[in-house]
Amino acid sequence: MWTVRVREATVEKFEPTDILPDHQPAYVTSWIYVAGVATIAAFVSLFITGLVLTLEGPAWWHNSSVGHYFNSVHLWSVELFFVFMVVHLWGKFWMAAWRGKRMMTWITGVVCFLASIITGFTGYLIQGNFDSQWIATQAKDGFNAMGIGAYFNPLNTGQAMLIHVALLPLVLGGLIGWHVILVRRHGVVPPIEAGGAE
Amino acid sequence: MSPALSKHDPSKKWSGPTRPYDLIKEAVIAIVIVGILAGGLAAVFSSPDEPALTLKSWALTDPADFVQTATSELAGTSGTAGYGAPYNTASDGQVLGPLKLQKWAGVRIPINTAKDFVVKPLTILPDAAVQTAVNAWNVGSADEQTKWATSYGDALAKSPKALSLPDTNNSYGPVPTMITSLLGMAINGALDGALTTSDTPLPTDFTKPMLFIADSGTYFPDYAAARHLHGDQWGVMNETGSWPGQSWLWLFSFFYQVEPFKSSENADTWVMGLLGVLSVALIFLPFIPFIRRIPYKIPVHRIIWRNWYRRKQD
């Protein structure tokens, strides 16, 4: 029964202390480990500021100093999000962090990175200013050239807005959640040369 | 050396020495610090908000460019008119070797530049002379329409600052009246409204006005060039002003700066295709033989886990 297999593959492989442990292996001492949680922290900031911008509507930030500030926090959160994520990604590469059945952790992490690029891009499309106009007119050529533009039209602001606000946060949030669950389930990868199947 | 530090299967749960680690505390501290950092950067550096361009701003700032572009939309010689899919069948568009991905996707956003950008907006003007000109255009044959608009476009090209030209040889048909009227519509803002509401009275899709503006010969591209946004200015990742923009698109932007992509007619397909291949390679990097061994050959991990290795030596 597939329902049983789903349960066996998820909760039954988890020990309660794996989710929020109070101890970590002794080798978890580098500052590089902070990049992962800092990425999540930036995502939280993006979610909160994005929620405020959503509730106030797309024109608000053009006409309100408070709105402009929230837009600025949203923008700088994006910049920080990518800085932390790239540091995290490079760190995991040099750790060869896919070792020990952690391939899917790596894969979900990279897919998060790619989904973040698409999310950031759609955010730039819906600013409602010259930047968004220019980006949309240039990006359309890339999408059209690959046949994608027939289905995702960067000049259709409504489509980009719904994808950025309603769809991608769900996708990205889900991917980040899946990635974090895999990290917790498999634990932090041990140092290279600690032995075993590398 | 401690037995726990000697050999460990990385697929097994760690059974060696541990240290206290409060994940919730770490997350809360990270959220507070990142929040303060983002809030501080926003307070100091703000964010760009250069007002959007409109058909009205174009017609007021560079009316001669507007007139020439509008005439090219009628003549079928503008960028959009000759674009191909997804707007029309005027060309195959870009190809990726034998793959005509653009053409195969089909015309899903049909645009007839003469009809959608010029003729249809003019029909809402309550002006008998304009409607006579529109009727004359509509009853003309395709050959006549092309001849009128092309002749007028050629004449405008020889007088690049002209907003209208007299029809001394009686060869422009109704085109001068139509283009002059369209310029008037653009200047008073009516053309922006006409194009954005042509499909629905509550628009969220700006494809038509933006394609029209993007066909501009000088106004739109010069405005972007002055803000270092062109493709050859690394514009894919830039923003107006000095803000960092989408710096994570640096590799995407880089390929547009180098040959053979830089001068290729199919640069978009090649760059998009290449980035697609590299993205898939990054996803499946742990399976790529040589690449997956790099972290073992270049021991950056010795710095990351220096405390552990030092302890192992002790």
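About the cut-offs
Residues numbered from 1 in each chain as written. Chains lettered and ligands numbered in written order. Predicted model: local features only at pLDDT ≥ 70, side-chain atom pairs only at ≥ 80, totals over all residues. Helix = DSSP H or I, 4+ residues; strand = E, 2+ residues; numbered from the N terminus. Rg over C-alpha atoms; globule rule 2.2 N^0.38 Å. Buried ≥ 20, exposed ≤ 12 C-beta atoms within 10 Å, placed from the backbone. Contact = placed C-beta atoms within 7 Å. Domains from an automatic or database assignment. Nonpolar A, V, L, I, M, F, W, Y, C, P; charged D, E, K, R; others polar. Pairing = 2+ DSSP bridges. pLDDT = per-residue confidence, 0-100. Core = buried A, V, L, I, M, F, W, Y, C linked by C-beta atoms within 7 Å. Axes fitted to C-alpha atoms, helices over the stretch in contact; angles between N-to-C directions. Parallel < 35°, antiparallel > 145°, perpendicular 65-115°, else oblique. Left-handed = near helix turned anticlockwise from the far one by under 90°.

**Overview of the overall build of chain B**
Across its full length, chain B holds 17 helices and one strand. Relative to the globule expectation of 20 Å for 314 residues, the C-alpha radius of gyration of chain B, 29 Å, shows a markedly less compact shape. By principal-axis analysis of the C-alpha atoms, chain B measures approximately 100 × 50 × 35 Å. By residue count, 35% of the 314 residues in chain B fall in the buried class. Across chain B, contacts joining residues at least 24 apart in sequence account for 55% of those joining residues at least 6 apart.

**What about the domain arrangement of chain A?**
Residue and element names in this part refer to chain A. Taken as a whole, chain A is organised into domain 1 (32-84) and domain 2 (95-191). For domain 1 and domain 2, the distance between their C-alpha centres works out to 16 Å. Tallying the contact residues gives nine residues for domain 1 and nine residues for domain 2. Sorting the residues of the side of domain 1 that touches domain 2 by element identifies helix H3 (34-56) and helix H5 (65-94) as the ones contributing at least two each.

**Quick word on unusual backbone geometry**
Here the residue pair Ala85 of chain B and Pro86 of chain B is connected by a cis peptide bond, since its omega of 10 degrees sits within 30 degrees of zero. Topologically, Pro86 of chain B is positioned in the loop between helix H4 (63-75) and helix H5 (101-105). In this chain, Glu259 of chain B is followed by Pro260 of chain B through a cis amide linkage whose omega measures 5 degrees. Of note in this structure, Lys101 of chain A is not a glycine but carries a positive phi near 60 degrees. Position of Lys101 of chain A among the secondary structure elements: in the loop between H5 and helix H6 (103-125). Residue Lys101 of chain A is classed as partly exposed on the basis of its 15 C-beta neighbours within 10 Å. Backbone geometry at Asn170 of chain B places phi at a positive 55 degrees, although glycine is not the residue there. Considering the arrangement of structural elements, one finds Asn170 of chain B in the loop between helix H8 (142-158) and helix H9 (175-187).

**Thoughts on the domain arrangement of chain B**
All names here are of chain B. Under the domain assignment used here, chain B contains domain 1 (3-46 + 287-313), domain 2 (55-225) and domain 3 (231-283). On a C-alpha basis, the centroid separation for the pair domain 2 and domain 3 is 30 Å. Contacts between domain 2 and domain 3 engage five residues on the former and six residues on the latter. Of the residues belonging to the side of domain 2 that touches domain 3, the class tally is four nonpolar, one polar and no charged.

**Some words on the interface of chain A and chain B**
Contact residues are listed per partner, giving 82 residues for chain A and 79 residues for chain B. Breaking the side of chain A that touches chain B down by element, the ones donating at least two residues are strand S1 (23-25), H3, H5, H6, helix H7 (130-145) and helix H8 (157-186) of chain A. It is H5 of chain A that provides the largest number of residues to the side of chain A that touches chain B, a total of 14 residues. The class makeup of the residues in the side of chain A that touches chain B is 46 nonpolar, 29 polar and seven charged. The pairing of S1 of chain A with strand S1 (residues 18-20) of chain B spans three bridges and is classified as antiparallel. Bridge pairing in S1 of chain B places His23 of chain A opposite Pro20 of chain B.

**Observations concerning the confidence of the model for chain B**
Considering every residue of chain B, the mean pLDDT works out to 92; 97% of them sit at 70 or more. Per-residue pLDDT, averaged within each element of chain B, yields its smallest value for helix H1 (residues 3-6) of chain B (44) and its largest for helix H3 (residues 55-61) of chain B (98).

**Description of the nonpolar core**
Grouped burial of nonpolar side chains is what soluble globular proteins tend to show. Of all hydrophobic cores here, the largest spans 71 residues; its most connected members are Trp58, Val118, Val175, Met178, Leu182, Ala186 and Ile213 of chain B. Setting aside its immediate chain neighbours within four residues, Met178 of chain B contacts Val118, Leu122, Ala133, Val134 and Trp137 of chain B. In this structure, Leu75, Phe82 and Val110 of chain A together with Tyr309 of chain B belong to the second largest nonpolar core, which totals 42 residues.

**Things to note about the packing of H3 of chain A against H5 of chain A**
Residues and elements named next belong to chain A. For the pair H3 and H5, interaxial distance at closest approach is 8 Å and the crossing angle is 155 degrees. Taken together, the axes of H3 and H5 are roughly antiparallel relative to one another. Judged by the twist between their axes, the crossing of H3 over H5 is left-handed. Classifying every residue of the contact of H3 with H5 gives 15 nonpolar, eleven polar and one charged.

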